[in-house]
Amino acid sequence: MSIQEIAQDFLQLVSSGKVHEGFSNYVAANFIHHNPYFKGTRDALQTAMIEAHETSPNEFLEVKKSYVDKDTVITHALVKKQDMEIAVVHIFRFEDSKIVELWDLGQVIDVQSPNENGLF
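Everything quoted here is computed from the prediction, not taken from an experiment. (Residues numbered from 1 in each chain as written. Predicted model: local features only at pLDDT ≥ 70, side-chain atom pairs only at ≥ 80, totals over all residues. Heavy atoms only, no water.)

Asker: Is there a simple way to think about the packing of helix H2 (residues 19-26) against helix H3 (residues 42-55) in this case?
Answerer: Axis angle and axis distance: for two packed helices, these are the angle between their axes and the distance between the axes, and together they describe the pair. Viewed as axis vectors pointing N to C, H2 and H3 meet at an angle of 150°, and their least axial separation amounts to 9 Å. In terms of axis orientation, H2 runs roughly antiparallel to H3. Between H2, through Val19, His20, Phe23 and Ser24, and H3, the contact on the second element is made entirely by Arg42, Leu45, Gln46, Met49 and Ile50. Tallied by class, residues from the contact of H2 with H3 come to 5 nonpolar, 3 polar and 1 charged. (Axes fitted to C-alpha atoms, helices over the stretch in contact; angles between N-to-C directions. Helix = DSSP H or I, 4+ residues; strand = E, 2+ residues; numbered from the N terminus. Parallel < 35°, antiparallel > 145°, perpendicular 65-115°, else oblique. Contact = heavy atoms within 4.5 Å. Nonpolar A, V, L, I, M, F, W, Y, C, P; charged D, E, K, R; others polar.)

See below:
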């Protein structure tokens, strides 16, 4: 698999509640992340993803765009939950086909937005 395919498969797995599978298949032991709401460790993010799935599961995640530059993959995705839709950008850095670093930025989609172009 290419790193672009790995990033997308990882997102599909964790967004559907298969967090352990996503982490065991694709995330390096020395992984760090930059989500400001949790400690920057592999275990902290994995635990947070499991808890998020239990309390507010995603209905689906659709990658709308994906870009690759050397060891980095950027995805722009739609996440649908029961009560909202969110546009999310993930930035993955890879080493030896494993995710070693992750940034994520999300924005709730405002259905009343005056912008006719939308977030995608």
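Asker: Teacher, can you tell me more about the nonpolar core here?
Answerer: It is characteristic of soluble globular proteins that their nonpolar side chains tend to be buried jointly. Core analysis: the biggest nonpolar cluster contains 24 residues, and Phe10, Phe23, Phe92, Phe94 and Ile99 have the highest contact counts within it. It is helix H1 (residues 3-15) that provides the largest number of residues to this core, a total of 7 residues. Setting aside its immediate chain neighbours within four residues, phenylalanine 10 contacts Gly22, Phe23, Tyr26, Val27, Met49, Phe92 and Ile99. (Core = buried A, V, L, I, M, F, W, Y, C linked by side-chain atoms within 4.5 Å. Buried < 20%, exposed > 50% of the residue type's maximum accessible area, 1.4 Å probe, protein only.)

Asker: Can you help me understand the environment of phenylalanine 23 in this one?
Answerer: As for its position among the elements, phenylalanine 23 is in helix H2. Spatially, the C-alpha atoms of phenylalanine 23 and lysine 98 are 9.7 Å apart, while their sequence positions differ by 75 residues. With sequence-adjacent residues up to four places away left out, phenylalanine 23 is seen in contact with Phe10, Val14, Arg42, Leu45, Gln46 and Met49.

Asker: For this particular structure, what's the right way to read the pattern of salt bridges?
Answerer: When charged atoms on two side chains of opposite charge get close, those side chains can pair. If you walk through the whole model with that rule in mind, you get 4 salt bridges. Among the salt bridges present, the one from glutamate 101 reaches arginine 93, with a minimum N-O distance of 2.7 Å. With a relative accessible area of 11%, glutamate 101 lands in the buried category. Salt bridges here are not isolated pairs; linked through shared partners, they connect Arg93, Glu95 and Glu101. (Salt bridge = Lys/Arg side-chain N within 4 Å of Asp/Glu carboxyl O.)

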